[in-house]
Amino acid sequence: METNDPANTGQTAPAVRFENVIKRFGDLEVLKGLNFSVEPGERVTLIGPSGSGKTTILRLLMTLEKVTEGVVWVEGEPLSHMKRGNKLVVANEAHLRQVRKKIGMVFQQFNLFPNMKVLRNITEAPMRTLGVNKDDAVKRARELLELVGLSDKEDNYPTQLSGGQQQRVAIARSLAMQPDILLLDEVTSALDPELVADVLDLLKDIATSTDITMLIVTHEMGFARDVSHRVMMFDQGVIVEDGVPDQVMGDPENERTREFLKAVLGDSANGG
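Criteria and cut-off values
- Residues numbered from 1 in each chain as written.
- Predicted model: local features only at pLDDT ≥ 70, side-chain atom pairs only at ≥ 80, totals over all residues.
- Heavy atoms only, no water.
- Helix = DSSP H or I, 4+ residues; strand = E, 2+ residues; numbered from the N terminus.
- Buried < 20%, exposed > 50% of the residue type's maximum accessible area, 1.4 Å probe, protein only.
- Contact = heavy atoms within 4.5 Å.
- Areas by Shrake-Rupley, 256 points an atom, 1.4 Å probe, with all protein chains shown as cover.
- Pairing = 2+ DSSP bridges.
- Axes fitted to C-alpha atoms, helices over the stretch in contact; angles between N-to-C directions.
- Arc of directions from axis to C-beta.
- Expected span 1.5 Å × (residues − 1).
- Polar contact = N/O pair within 3.5 Å; in protein donor to acceptor, adjacent residues only side chain to side chain.

Q: Explain the overall build of the chain to me, using residue names and the numbers behind them.
A: Looking only at helices and strands, the chain features 9 helices and 12 strands. Seen through its principal axes, the chain has C-alpha atoms that stretch 50 × 50 × 35 Å. Going through the 272 residues of the chain one by one, you find that 51% of them count as buried. Sequence-distant contacts in the chain: of pairs separated by 6 or more residues, those separated by 24 or more amount to 64%. Carbon together with sulfur atoms contributes 45% to the accessible area of the chain, which is approximately 12900 Å² in total.

Q: Provide a residue-level description of the sheet that holds strand E8 (residues 103–106), including the pertinent values.
A: Spatially, 6 strands are ordered E8-E9-E10-E3-E11-E12 in an open sheet, and the strand pairing comes out mixed. Lying at the two open borders of the sheet, with one neighbouring strand each, are E8 and strand E12 (238–243). Across the sheet, the mean angle from the axis of one strand to that of its neighbour is 20°, orientation sign disregarded. Relative to strand E10 (residues 213–217), strand E3 (residues 43–47) is paired through 4 bridges, and the arrangement is parallel. Bridged to arginine 43 within E10 is methionine 214. This element, helix H1 (residues 54–61), spans E3, E8, strand E9 (181–185), E10 and strand E11 (230–235) of the sheet and lies at about 140° to E10.

Q: With reference to specific residues and values, describe helix H2 (residues 93–100).
A: Of the residues making up H2, those classed as buried are His95, Leu96 and Val99. The buried side chains of H2 occupy one side of the element, clustering within an arc of 100° when seen end-on.

Q: Tell me about unusual backbone geometry, residues and numbers included.
A: Although it is not a glycine, threonine 63 adopts a positive phi angle of roughly 60°. Locating threonine 63 in the fold gives a position in the loop between H1 and strand E4 (69–74). What makes threonine 63 buried here is its relative accessible area of 16%. A positive phi angle, close to 50°, is found at glutamate 186, a residue other than glycine. Examined against the element boundaries, glutamate 186 turns out to sit in the loop between E9 and helix H6 (193–209). Given the relative accessible area of 5%, glutamate 186 is considered buried.

Q: Before we move on, could you go through helix H4 (residues 134–147) and cite the residues and values that matter?
A: Each turn of an α-helix holds 3.6 residues, which means side chains three or four residues apart point in the same direction. With 14 residues, H4 ought to run about 20 Å at 1.5 Å a step, and its terminal C-alpha atoms sit 20 Å apart, in line with that. Listing the buried residues of H4 in full gives Ala137, Val138, Ala141, Leu144 and Leu145. Projected onto a plane normal to the axis of H4, the buried residues spread over an arc of 125° and lie on a single side. The outward face of H4, more than 90 degrees from its buried face, is lined by the exposed residues Asp135, Lys139 and Glu146. Looking at where H4 begins, the residue whose side-chain oxygen comes 3.2 Å from the main-chain nitrogen of aspartate 135 is asparagine 133. Of the residues flanking the end of H4, it is glycine 149, one or two places downstream, whose phi is positive at about 75°.

Pasting the structure below:
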């Protein structure tokens, strides 16, 4: 496969680039020739109805799904493929693991290890995957627990925490991997309403105090407006609108965007 390699241009590569990406599940085409880039340090929120392809984009970046056609790039390196001479071939597991180290993800369901205490939930992956020694991993974990306001919970098991506390541990665990890119997939959708604000405030703090690149899927439109540099509206596997939050959310050009925002803002319980 021939492709446009940003390394050949001498420019700084985007943090993420989707190049003609198609994703099919059987006969269903979920992403239809998707092309977009996210610059280093940029925070981009993906909005749109259920089934529009938003979470699939995050799952491709986490290599939980494989592209059907096209190439996904991360910091100028192909993620979905690997270079062999001047060609790109489908990536093997070793290549996927290497490039994926740059990416962290926080899921809807907190996905903590129930049999591990909070501290070990945060130290396990840096020690196993990055080769961080135990003392350094513990020091970093405690710093992150302080950041997320849970310094007193390091010896608790996840089941002893509220949903909001579990999600904050999950955020700390992702940051412990020192990712360049953080993916947030509806991270408040499983929380009780009174817990949502704390988690969103924490994410705003992280967004404004670091230069981490973020791709965010959320129905929390106020959060999206506050934290994003850009908002992309998806419908049926294509981008129908892409712009700064005030424009996309305040004065959308596309009728589909207007309909979606009216539905979400008119019914904040509208899931997806």
